[in-house]
Amino acid sequence: MELTKNLTQTKIIKSLLAVILGSIALTISAKIKIPFYPVPMTMQTFVVLFLGVSLGYKIGLASVGLYLLEGIAGLPVFSNSPEKGVGIVYFTGPTMGYLIGFLTACYLASKINTKDSLINILTKLVIATSTIYILGLIWLGTLIGWDKPIFSLGAKPFLLAELFKIIILALVTKQIIKIRNII
């Protein structure tokens, strides 16, 4: 009985540590901007997918959820905070749909397994990433008006960078999934 209790406590501690480290990784990825034509990119979407693949849906979603709660609470974890605001005001701005999309993308990325072929992995990662952009564009259109060029503003400049990140992640996914067994 004592051995079972210790194993459970160890698993809880590992899970909590993974959630916190995942949130930190997401914050760091939001702050590092890579010069990329025509707009700079961050590595947030890569990290969101990585968290889903490596940690599974429960811990991955908890990491992304913690990150979002930290931002809503006013910590400057989001990409353009504190320069463009913090807390709920920033969260409900133009990027809210994308941020919520992080949850769906993380969940869908967690459904990749070691038996998937490279084509299946690429397809699942494209679908997961697409949910970020679909929710982001829906919110952006609702916020700034559907008469604006929503796709050109909120997705088109990022698509080449997303493809690059998806390909890199797909190539190492089978090795990354092994992290799930550690936790």
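Shown above is the structure to which this text applies.
Below or above, wherever it landed, is the structure these notes cover. This is a predicted model, so every value here is computed, not measured. Once a new chain begins, its residue numbering starts again from 1 and follows that chain's sequence as written. This being a predicted model, a pLDDT of at least 70 is required before a residue's local features are given, and a value of 80 or more before pairs of side-chain atoms are given or counted; all residues contribute to the totals for chains, interfaces and linings. Only hydrogens and water are set aside; all other atoms, that is, all heavy atoms of the structure, feed into the side-chain values.

## Structural notes on the packing of helix H5 (residues 118–144) against helix H7 (residues 159–176)
The geometry of H5 relative to H7 is characterised by a closest axis approach of 9 Å and an angle of 135° between their N-to-C directions. With respect to each other, H5 and H7 are oriented oblique. As H5 runs across H7, the sense of the crossing is right-handed. Residue-level contacts link Leu118, Ile121, Leu122, Leu125, Val126, Thr129 and Tyr133 of H5 to Glu162, Ile166, Ile167, Leu169, Ala170, Leu171, Thr173 and Lys174 of H7. Each residue gets one label: Ala, Val, Leu, Ile, Met, Phe, Trp, Tyr, Cys and Pro are nonpolar, Asp, Glu, Lys and Arg are charged, and the others, such as Gly, are polar. Tallied by class, the residues present in the contact of H5 with H7 amount to 11 nonpolar, 2 polar and 2 charged. What counts as an axis is a line fitted to C-alpha atoms, over the stretch in contact for a helix, and the angles between N-to-C directions run from 0 to 180 degrees. Note on conventions: DSSP H or I runs of at least 4 residues are helices, E runs of at least 2 residues are strands, and numbering of each starts at the N terminus. Angles below 35 degrees are treated as roughly parallel, those above 145 as roughly antiparallel, those between 65 and 115 as roughly perpendicular, and all remaining angles as oblique. Crossing handedness: left-handed means the near helix sits turned counterclockwise from the far one by under a right angle, and right-handed means the same turn made clockwise. The criterion used for residue contact is that any of the two residues' heavy atoms lie within 4.5 Å.

## Let's talk about the layout of surface pockets
Both site types are read off a 1 Å grid over the protein atoms alone. A 1.4 Å probe that fits but cannot get out defines a cavity, while an open set with protein on both sides within 12 Å along at least five of seven lines defines a pocket; lining residues have an atom within 4 Å of a point. Grid points are joined across faces, edges and corners, and a volume is the space filled by probe spheres set on the points. Estimated volume of the largest pocket: approximately 670 Å³. Forming the boundary of the largest pocket are 26 residues, of which Ser79, Asn80, Thr95, Tyr98 and Phe158 lie nearest the centre. Among the elements of the structure, helix H2 (44–72), helix H4 (96–109), H5, helix H6 (150–154) and H7 are those that each provide at least two residues to the lining of the largest pocket. Top element by residues in the lining of the largest pocket is H5. It accounts for 4 residues.

## Looking at the side chain of Asp116
With respect to the helices and strands, Asp116 occurs in the loop between H4 and H5. Under this definition, polar contacts are N or O atom pairs within 3.5 Å; protein pairs additionally need one hydrogen-donor-capable and one acceptor-capable atom, and for neighbouring residues in sequence, both atoms have to be side-chain atoms. A polar side-chain atom of Asp116 sits 3.1 Å from the main-chain amide nitrogen of Asn113. Beyond its immediate chain neighbours, meaning those up to four positions away, Asp116 contacts Lys111, Ile121, Lys124 and Lys174.

## Observations regarding the nonpolar core
As used in this record, nonpolar core signifies buried Ala, Val, Leu, Ile, Met, Phe, Trp, Tyr and Cys residues forming a set joined through side-chain atoms within 4.5 Å. A simple rule labels every residue: compare its accessible area, found with a 1.4 Å probe on the protein chains alone, to the largest value its type can have, and call it buried under 20%, exposed over 50%, or partly exposed in between. Counting residues in hydrophobic clusters, the biggest one holds 42 residues, and the most contacted among them are Leu49, Tyr67, Phe78 and Leu125. Among the secondary structure elements, those contributing two or more residues to this core are helix H1 (2–31), H2, helix H3 (87–91), H4, H5 and H7. At 11 residues, H2 tops the list of elements feeding residues into this core.

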